[in-house]
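# Architecture at a glance
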2 protein chains.
Amino acid sequence: MKRLEGGICAVPGVSASGARKGKYGLALIAASGVAVGMFTKNKIRAAPLDVTAENLENGWLNGVIANSGCANCYTGVQGLQDAKDMARMMAALLKTDASRIGVASTGVIGRPMEMNIIESLFQEAKTRLRSSPEASQEAARAIMTTDTRVKEMAVENVGVHVAGIVKGAGMIEPNMATMLCFIYTDADLPRAELKDCLAHAVTDSFNMLTIDGDTSTNDTVLLTATGAQKCDIGAFREALNQVCTELARMMARDGEGATKYFETVITRAGSEEDARAAARSVVRSSLVKTAVYGSDPNWGRIVAAVGRSGARLEPERITLSIEGNGCEVTLVERGRIVQGVLDQAKEIMKGDSILIYVDLGLGDATARSFGCDLTPGYVDINANYTT
Amino acid sequence: MKRLEGGICAVPGVSASGARKGKYGLALIAASGVAVGMFTKNKIRAAPLDVTAENLENGWLNGVIANSGCANCYTGVQGLQDAKDMARMMAALLKTDASRIGVASTGVIGRPMEMNIIESLFQEAKTRLRSSPEASQEAARAIMTTDTRVKEMAVENVGVHVAGIVKGAGMIEPNMATMLCFIYTDADLPRAELKDCLAHAVTDSFNMLTIDGDTSTNDTVLLTATGAQKCDIGAFREALNQVCTELARMMARDGEGATKYFETVITRAGSEEDARAAARSVVRSSLVKTAVYGSDPNWGRIVAAVGRSGARLEPERITLSIEGNGCEVTLVERGRIVQGVLDQAKEIMKGDSILIYVDLGLGDATARSFGCDLTPGYVDINANYTT
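Reading the values: rules and limits
- Residues numbered from 1 in each chain as written.
- Chains lettered and ligands numbered in written order.
- Predicted model: local features only at pLDDT ≥ 70, side-chain atom pairs only at ≥ 80, totals over all residues.
- Heavy atoms only, no water.
- Least-squares fit on C-alpha atoms with pLDDT ≥ 70 in both.
- Contact = heavy atoms within 4.5 Å.
- Domains from an automatic or database assignment.
- Buried area = accessible area lost by both parts, 1.4 Å probe.
- Salt bridge = Lys/Arg side-chain N within 4 Å of Asp/Glu carboxyl O.
- Buried < 20%, exposed > 50% of the residue type's maximum accessible area, 1.4 Å probe, protein only.
- Helix = DSSP H or I, 4+ residues; strand = E, 2+ residues; numbered from the N terminus.
- Polar contact = N/O pair within 3.5 Å; in protein donor to acceptor, adjacent residues only side chain to side chain.
- Nonpolar A, V, L, I, M, F, W, Y, C, P; charged D, E, K, R; others polar.
- Axes fitted to C-alpha atoms, helices over the stretch in contact; angles between N-to-C directions.
- Parallel < 35°, antiparallel > 145°, perpendicular 65-115°, else oblique.
- Left-handed = near helix turned anticlockwise from the far one by under 90°.
- Pairing = 2+ DSSP bridges.

### As for the relation of the copies chain B and chain A
- Mapping chain B onto chain A calls for a rotation angle of 180 degrees and an axial translation of 0.0 Å; the resulting RMSD is 0.0 Å. With respect to symmetry, the two chain copies, as superposed, fit the operation of a two-fold axis. Closest to the rotation axis within chain B is the C-alpha of Pro376 of chain B, separated from it by 2.2 Å.
- The overlap is high: 100% of the interface residues of chain B also sit at the interface in chain A, so the same surface is used on both sides.

Shown next as structure tokens:
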């Protein structure tokens, strides 16, 4: 597998552009292909998700229009109208039907869309629609809210290209995250297989990511496959997993107020479900997150988080290690506390990227979760979001 | 129902004392009666809980010994020995058997107990065992960790006395909270009824409390009934609910780093379970908690938290109000955003005690949850807990 530059425009047949004005941003993406999507499980679901979910029933998209600044959620009939109007704008530009357009929004909940801003951003962005690395970055930047970095990833594997852009920094928790993610590929695969591949990739990436434990009303992942490239499904699956996992890591690193990134790897769990539950419990623990922030090797909090996850466990079988700064140290070995390693553990915790390994010693299931520290910066960002 | 002074010593037949040295504290409570208890559901469970749970099978306790400073959790065979030694100390003092003693611990996980400190605190505390308001406070203070205030509550209802002390400020999340709670009553009731009353009271109080979403390894609630007072079970139940609810409120107010308290009241939910799930989801949302800290009337986050709770809901039936500073304002009325009330909402959010009402408009189930804001202070307290 080869990592590529160029973001989503690394996939042949994808054009993009974006524009920003104050808190609002608008991204346009043109690419025609078989399309599948996944959406938030929150019962309060934003208007654009209803529009996009309905359009996906056709199985084909020609383009996507996505805005930041307003979630267009809890906005009633007007919100639905606004989402449809966005689809119509983009459809007119691409000379297609509005039912062939994906719409997505992110931002404050419960505020009406300022459609005059959307309209003026659209006029600006539409003249720039093109296929270039800058175009992908422009689109990725247009959907950012509290994100501080553009997040895009592209790979090529045995001839097939897969690339995605994503936004998301807060209100991030399975399922999925406060995220908009647009993935493109030239893979020539039937819709059912694309759907299955996407579901698996999301399960191991975005659904294993926690910033703050809040599930958004607007989460959207769209995958469009142009079909230009015959490919092996195994190679595609591998490439898609890689793109989704790297995008999830980028989101964790760019978590609101984050100063450090950490990953939790659960091994030898009794079941897949147990492995996932344990991995997620560690990464969402406020106490683990603050300990990571403070470089405090308070491993008891990790064990407690695994304990409360619901995963089957036997305390005397647990082995716990941490890795970072080029070192690895085992703190608990089959339930016994290893003596004389706390100083080394402190050094590891001082790094800005920490790996936590918990071996449950029960079965052969594995899971990996992605997270970041909880900092005063997170509180500052979120204490005055709408005021 | 009458509120009483005196903490647990307001119940006839209860003596207490406490001593502190650095991070360690030791509380002794003498009271003989029928006893029932509830413990953490975390699968990593501290040694004293195993000892106490076994002793409770006798159905009778003569006293309790509880320490702060070390959780005696994940401490293996030695930890179990230490917990039993604590029971033996207290039993010798009360001239009873060690199997008639409840033992509890709170503090850092994965550190061995410093039994020499426990021993010296015991020598100090045992000479002071007495029945007085100061004695109750002394015991309550001895079990504090990051708590900033003594938490005790006593009531009398139609002749029956119920009183409790509690510690807990962080690692607090159903079920139950990082809490040690010792409740006493003179009610003369059979063990099965005491157990049932306790389970109900805990469900509506400690299990509806969240500080940070972490479930502890050491949670313990013990209820001892001396049996000196014939009573009506309804009056007892009411008094017990009141004591547990007030103690839960005190814990929320004293949450680590908390500057504000808030309560969420869900009404007209489709089921009890839905009401509880929705109430808990709001109170545990980091985004709601930071908005409360920043006095930001970002009610969309409240709706989103209800949406992700799993509770059945219909967006267009939701009515949302907030109350505080002597005012109440409705922000959403049956799914429609009320215009022109945001300034008033901001004023309410500036208060240090906020009530959030969410009417789901579906059934007749109600639940109430207790929480506090998420502040830079919480992060500071927890970033360097063991270092």
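After presenting the structure, the write-up continues.
### Some points on the domain arrangement of chain A
Residue and element names in this part refer to chain A.
- Domain assignment breaks chain A into domain 1 (2-253) and domain 2 (261-383).
- Distance between the C-alpha centres of domain 1 and domain 2: 31 Å.
- Between domain 1 and domain 2, the contact holds 18 residues from the first and 17 residues from the second.
- Here domain 1 packs against domain 2, burying approximately 1,400 Å² in sum over the two surfaces, 57% of which is carbon and sulfur.

### With respect to the pattern of salt bridges
- Under the counting rule described, the total for this entry stands at 36 salt bridges over all chains.
- Glu347 of chain A is paired through a salt bridge with Lys350 of chain A; the nearest N and O atoms lie 2.9 Å apart.
- Relative accessible area serves as the criterion here: at 42%, Glu347 of chain A is assigned to the partly exposed category.
- Between Arg276 of chain B and Asp204 of chain B there is a salt bridge, with its nearest N and O atoms 2.6 Å apart. Of the two residues, Arg276 of chain B sits in helix H7 (residues 272-284) while Asp204 of chain B sits in helix H5 (residues 191-204), which places them 72 residues apart along the sequence.
- The network of salt bridges with common partners includes Glu124, Arg128, Arg130 and Glu138 of chain A.

### Concerning the interface of chain B and chain A
- Taken together, the contact pairs 54 residues of chain B with 54 residues of chain A.
- When the area that chain B buries against chain A is broken down by residue, the three leading residues are Lys43, Tyr74 and Arg308 of chain B, summing to 16%.
- Applying the counting rule to chain B against chain A returns zero salt bridges.
- The interface formed by chain B and chain A includes 14 residue pairs in polar contact (both at pLDDT 80 or more).
- Counting residues per element, the ones that place at least two in the side of chain B that touches chain A are helix H8 (286-293), helix H9 (299-307), helix H10 (342-349) and helix H11 (376-383) of chain B.
- By residue class, the composition of the side of chain B that touches chain A is 24 nonpolar, 19 polar and eleven charged.

### Some remarks on the side chain of Glu138 of chain B
Residues and elements named next belong to chain B.
- By the secondary structure assignment, Glu138 is in helix H4 (residues 133-142).
- Glu138 sits in the buried class, given a relative accessible area of 16%.
- Looking at Glu138, its side chain comes within polar contact range of the side chain of Arg130, at 3.0 Å.
- Setting aside anything within four residues of it in sequence, one finds Glu138 in contact with Ser17, Gly18, Arg128 and Arg130.

### A word on the packing of helix H1 (residues 47-56) of chain B against helix H2 (residues 76-94) of chain B
All names here are of chain B.
- For the pair H1 and H2, the least separation of the axes is 8 Å and the interaxial angle reads 50 degrees. Overall, the two elements H1 and H2 adopt an arrangement that is oblique. The chirality of how H1 crosses H2 is right-handed. Contacts between H1 and H2 pair Ala47, Pro48, Asp50 and Val51 from the former with Gly79, Leu80, Ala83 and Lys84 from the latter.

### Examining the sheet that holds strand S12 (residues 319-324) of chain B
Residue and element names in this part refer to chain B.
- Across the sheet, seven strands lie side by side as S9-S16-S11-S15-S12-S13-S14; this open sheet has mixed pairing. Where the open sheet ends on each side, the last strands, each with one partner, are strand S9 (209-210) and strand S14 (336-337).
- Note that S12 and strand S13 (residues 327-333) share five bridges and pair antiparallel. Looking across to S13, one finds that Ser321 is bridged to Thr330.
- Sheet strands touched by H10: S12, S13 and strand S15 (353-359). Its angle to S13, the strand with the most contacts, is close to 130 degrees.

### Describing unusual backbone geometry
- Despite not being glycine, Ser295 of chain A has its phi angle at roughly 55 degrees, a positive value.
- Structurally, the position occupied by Ser295 of chain A is in the loop between helix H8 (286-293) and helix H9 (300-307).
- Of the residues examined, Ser295 of chain A reaches a relative accessible area of 16% and is grouped as buried.
- The backbone of Arg268 of chain B shows a phi angle near 50 degrees, a positive value even though the residue is not glycine.
- For Arg268 of chain B, the location among the structural elements is in strand S11 (residues 261-269).
- With a relative accessible area of 40%, Arg268 of chain B lands in the partly exposed category.

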